[in-house]
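In case you want the letters, here they are:
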Amino acid sequence: MNLPPAPNGLHNRWNLGLRWGFCNKVDCVVRDNLQKCSSCLVAVYCSAGHQRAHWPEHKSTCKLIKTTREELAQEEVALRALPGDMFMPPNPFETERGSFWYWKPTRPYMKARFNVISTLLNMKTGEAVELALDHSFETLHLNCADNQGVRSTVPGLFLRLGRDQEAYDFIKWYAVTGAVSSYEWGNPESPFLDLHDQDVFERFDDFVAKVYDTSMLVCLTNLKIRLMLDLQMLQRESRKPGQRNAGYDKKMEWVREDAMTDQLYKRRDLVERSQWTDLIDDLDDQIKKLVKLVNERNEHYWPALKAPDRWAAAYPTIYIPGSPQEINIVFRQTWYTWSECPAAFEVVKRYARI
């Protein structure tokens, strides 16, 4: 199938397992003239017949998304209608953006938006994940201090969408800026998520100790593995007979065909190399350290990848860091970054010896 660039303008997303841009009937590959489900406004179909055929599978998720979206709309109307008093200033969407949670009347609205994110992620399509990511960012910008823990989900969503640069920038911001004790979370003038185009290949020694979130640490591991696999692909292709003197355009054909990250599209200097052994060896060392760090943070995480059905069904509960209960939520936030990128999953199983 001749596939166009993905929504990020690149082709890497086609090499990941998250289905997007097709009719939601699983065995259908039609991409043109798709119509949204009028109820959930997320699922898309090429015909009424395929929508009917998919309804038994889609029904429960469709109703949940529709219900939570309507509840969010109702909460927004109610919040905007409040005149303002000692418990909250008027027009909080305009006047209190960044510190919503501080004002108790905003919390039903924030909880409703969180419920929308959760229900969207029941649908395993790129369209649903993108919407969940949009809602997550709006939640964070409304309440930068993130009392609901939304930030822990975001890197995994970026990775599922093939937006690796943004995943790395997000993780690094929380480590180098958000982790600083003097950062003023309640100050709307404080820089927020303002790191962009950081070097994804760089060593993380200066900041990784401040990646306090286990899910972010797992996602950083996942990303470094994908980078290594992409460089190994270039090295493997360049060693084939007749390919040793391949130029940039030819190498970019390999990238479009096989690369899993967005990085080689942005780094011509890396693609034009004749060998990548030093970079591969450095990433190998970084991955070993990250796998060890994750294990030190919570020894239950890597073994959990051997029993995905058990942990996917586990209900999140109150936990202490390092406990099995923590994995209930960390697994949910990271599992699809592995299952939708099988090559990375096979690599991490070797590194973690599971």
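Here the structure is a predicted model, which means the values were calculated and not measured. (Residues numbered from 1 in each chain as written. Predicted model: local features only at pLDDT ≥ 70, side-chain atom pairs only at ≥ 80, totals over all residues. Heavy atoms only, no water.)

A.B. asks: Would you take a moment to explain the packing of helix 11 (residues 277-297) against helix 15 (residues 342-352) for this structure?
C.D. replies: For any two helices packed against each other, one specifies the crossing angle of their axes together with the interaxial distance. Their axes nearest at 10 Å, the elements helix 11 and helix 15 cross at an angle of 65°. One way to sum up the angle between helix 11 and helix 15 is to call them roughly perpendicular. Of the two elements, helix 11 crosses helix 15, and the hand of that crossing is right-handed. Contact residues: Asp 284, Ile 287, Lys 288 and Val 291 in helix 11; Val 348, Tyr 351 and Ala 352 in helix 15. Grouping the constituent residues of the contact of helix 11 with helix 15 by class yields 5 nonpolar, no polar and 2 charged. (Axes fitted to C-alpha atoms, helices over the stretch in contact; angles between N-to-C directions. Helix = DSSP H or I, 4+ residues; strand = E, 2+ residues; numbered from the N terminus. Parallel < 35°, antiparallel > 145°, perpendicular 65-115°, else oblique. Left-handed = near helix turned anticlockwise from the far one by under 90°. Contact = heavy atoms within 4.5 Å. Nonpolar A, V, L, I, M, F, W, Y, C, P; charged D, E, K, R; others polar.)

A.B. asks: Quick question: what am I supposed to make of the pattern of salt bridges here?
C.D. replies: Between side chains of opposite charge, a pair can form as their charged atoms come close. Tallied over the full model, the rule gives 25 salt bridges. One salt bridge connects Asp 285 with Arg 203, and the closest N-O pair in it is separated by 2.7 Å. Taken together, the residues Asp 285 in helix 11 and Arg 203 in the loop between helix 6 (164-176) and helix 7 (214-238) connect sequence positions 82 residues apart. Residue Asp 285 is classed as partly exposed on the basis of its relative accessible area, which comes to 29%. For Arg 203, a relative accessible area of 30% gives the class partly exposed. The partner of Arg 273 in a salt bridge is Asp 278, with the nearest N and O atoms 2.7 Å apart. (Salt bridge = Lys/Arg side-chain N within 4 Å of Asp/Glu carboxyl O. Buried < 20%, exposed > 50% of the residue type's maximum accessible area, 1.4 Å probe, protein only.)

A.B. asks: In this structure, what is going on with the packing of helix 1 (residues 48-81) against helix 3 (residues 107-120)? I would like to understand it.
C.D. replies: Across the interface, helix 1 lies against helix 3 with an axial gap of 9 Å and an inter-helix angle of 160°. The orientation of helix 1 relative to helix 3 falls into the category roughly antiparallel. Considering only the axes of helix 1 and helix 3, their crossing is left-handed. From helix 1, Thr 61, Leu 64, Ile 65, Thr 68, Arg 69, Glu 71, Leu 72, Glu 75, Glu 76 and Leu 79 reach across to helix 3, where they touch Pro 108, Tyr 109, Ala 112, Arg 113, Asn 115, Val 116, Thr 119 and Leu 120. Its residues assigned to classes, the contact of helix 1 with helix 3 shows 9 nonpolar, 4 polar and 5 charged.

A.B. asks: Would you mind going over the state of the cysteines with me for this structure?
C.D. replies: Inspection of every chain in the model, using the stated rule, returns 0 disulfides. In this structure Cys 28 is a free cysteine whose sulfur lies 3.8 Å from that of Cys 46, the closest cysteine sulfur available. For Cys 28, a relative accessible area of 5% gives the class buried. This cysteine, Cys 37, is not joined by any disulfide, and Cys 62 carries the nearest cysteine sulfur, 3.7 Å off. (Disulfide = S-S within 2.5 Å.)

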